[in-house]
Amino acid sequence: MNKSIDSEVKLLTQFSALLEDVAHRPYPLSAKPWIMTQTWSDLLFAHWRVSARKMRDLVPQRLELDTYDGDAWIGVVPFNMTNVGLRHLPLIPGASSSLELNVRTYVRCQGTPGVYFFSLDAENPLFVWSARLTYYLPYYMAVMSQKKSSGCYEYASERRHPASPLASFKARYKPIADAAVSAPGSIEHFLTERYCLFAVSGKSLYRGEVHHKPWPLQRAEAEIEMNTMCAPLGLQIEDSHGLFHFAARLDTLEWPLQKT
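Everything quoted here is computed from the prediction, not taken from an experiment.

## Points about unusual backbone geometry
Piece 1. At Asp 42, a position not held by glycine, the phi torsion is positive, near 50 degrees.
Piece 2. Structurally, Asp 42 is set in strand E1 (residues 36-50).
Piece 3. Positive phi, normally seen in glycine, also occurs at Gln 110, with a value near 55 degrees.
Piece 4. Considering the arrangement of structural elements, one finds Gln 110 in the loop between strand E4 (98-109) and strand E5 (112-122).
Piece 5. Given the relative accessible area of 73%, Gln 110 is considered exposed.

## Remarks on helix H3 (residues 125-134)
Piece 1. Listed in full, the buried residues belonging to H3 are Phe 127, Val 128 and Ala 131. Buried positions in H3, seen along its axis, are confined to an arc of 100 degrees and lie on one side of it.
Piece 2. For H3, the elements touching its buried residues are strand E3 (72-86), E4, E5 and strand E6 (139-149).
Piece 3. Once H3 ends, the next one or two residues include Tyr 136, with phi positive near 55 degrees.

## Looking at the layout of surface pockets
Piece 1. Approximately 900 Å³ is the volume attributed to the largest pocket.
Piece 2. Lining of the largest pocket is provided by 42 residues; of these, Met 36, Gln 38, Met 81, Tyr 139 and Glu 254 occupy positions nearest its centre.
Piece 3. Within the residue set of the lining of the largest pocket, elements represented by two or more residues are E1, E3, E4, E5, H3, strand E9 (196-201) and strand E10 (204-211).
Piece 4. Looking at the lining of the largest pocket, the element that brings in the most residues is E3, giving six residues.
Piece 5. Counted by class, the lining of the largest pocket contains 29 nonpolar, eight polar and five charged residues.

## What to know about the environment of Glu 193
Piece 1. When you line up the elements, Glu 193 lands in the loop between helix H4 (187-192) and E9.
Piece 2. Judged by its relative accessible area of 8%, Glu 193 is buried.
Piece 3. Separated by 91 residues in sequence, Glu 193 and Asn 102 place their C-alpha atoms 16 Å apart.
Piece 4. Look past the residues within four positions of Glu 193 in its chain and what remains in contact with it is His 24, Ser 182, Glu 188, His 212, Pro 214 and Trp 215.

## So, the packing of aromatic side chains
Piece 1. Scanning all chains against the criterion turns up eleven aromatic pairs.
Piece 2. Ring geometry for Tyr 173 versus Phe 246: centroids 6.3 Å apart, planes at 45 degrees, classification tilted. Of this pair, Tyr 173 sits in strand E8 (residues 168-175) while Phe 246 sits in strand E12 (residues 243-254), and the two are 73 residues apart along the sequence.
Piece 3. You can call Tyr 173 buried: its relative accessible area is 0%.
Piece 4. Judged by relative accessible area, which is 2%, Phe 246 ranks as buried.

## A few points about the pairing of E8
Piece 1. Inspection of the sheet shows strand E7 (residues 152-159) paired to E8 by six bridges, in the antiparallel sense. Within E8, the residue paired with Ala 156 across the bridge is Lys 170.
Piece 2. One ladder, built from seven bridges, connects E8 with strand E11 (residues 218-227); its direction is antiparallel. Residue pairing for E11: Lys 170 is matched across the bridge by Met 226.

Parameters and conventions
Along each chain, the written sequence defines residue order, and numbers are assigned to residues from 1. Reporting in this predicted model follows two pLDDT cut-offs: at least 70 for local features of residues, and 80 or more for side-chain atom pairs to be given and counted; totals over whole chains, interfaces and linings ignore these cut-offs and use all residues. The basis for every side-chain value is the complete set of non-hydrogen atoms in the structure, without hydrogens or water. Only DSSP runs of H or I reaching four residues or more are called helices, and only runs of E reaching two or more are called strands; each is numbered from the N terminus. To sort residues, take the accessible area from a 1.4 Å probe on protein chains only and compare it with the maximum for the residue type: under 20% means buried, over 50% means exposed, and anything in between is partly exposed. In this description, the arc belongs to the directions extending from the helix axis to the C-beta atoms. Whether two residues are in contact is decided by their heavy atoms, any of which lying within 4.5 Å being enough. Cavities and pockets were defined on a 1 Å grid built over protein atoms only: a cavity is a set of grid points that admits a 1.4 Å probe from which the probe cannot escape, a pocket is an open set flanked by protein on both sides within 12 Å along at least five of seven lines, and lining residues are those with an atom within 4 Å of any such point. Grid points are joined across faces, edges and corners, and a volume is the space filled by probe spheres set on the points. Residues are sorted three ways: Asp, Glu, Lys and Arg are charged, Ala, Val, Leu, Ile, Met, Phe, Trp, Tyr, Cys and Pro are nonpolar, and all the rest, Gly among them, are polar. Aromatic pairs are defined between Phe, Tyr and Trp rings, using the six-membered ring for Trp, whenever the two ring centres lie within 6.5 Å; interplanar angles under 30 degrees are classed as stacked, those over 60 as edge-to-face, and all others as tilted. Here the rule is simple: two strands pair whenever DSSP picks up at least two bridges between them.

Purely spatial values, then, with no claim about function.
What follows is the structure, encoded as structure tokens:
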């Protein structure tokens, strides 16, 4: 029991230390208390250019489309999520981890840059239903797997959510360079250094804050065998034209949604 308590205290200290590193943020840290921890690991950022005209039709009108060199971008992001827990509560076995795969684009609201999610697939039903209810995010149940062999990751996901559009992803990927923090103004910085999400429920728009250290990005190679994650949006992307980055691990803090 004491060993378990020590582990929980060490983990809480580790996450709380994130609040000491804020100079890289594009705007000040939220004054409200954070409510959740998450660790994102073995993550692939797979991105493709999309015409701003096409993307504009897919994003809620209250959000301004954020572009880079005149183009919008869509991201397909598979990863493993662990250490998911509520503040002041111990991690719950079976409820603190899940594979996840999200489809996202980049927006601004009242000048603040953020992420807008088109879909988030996960294997843990608790994550799916709780996020739908509390964060108004389009989570879907999926059958998922991730394997690592000789420095290469194999990731597969097949959506199995009731009355939802089918979507699948299968790929092999690996880092091919050392980790580095992206430079402000670079495409890597534009695509990854985002510290809030926006969600819509009915006529209401919400903003959820997140905090973490700068992404430790590595250039990556990816061999994509199947990717229909963007098909429900009516978008056709060419896998060979993707921009790929890998991140081994990132600890994060989350805040509750606030109406915007």
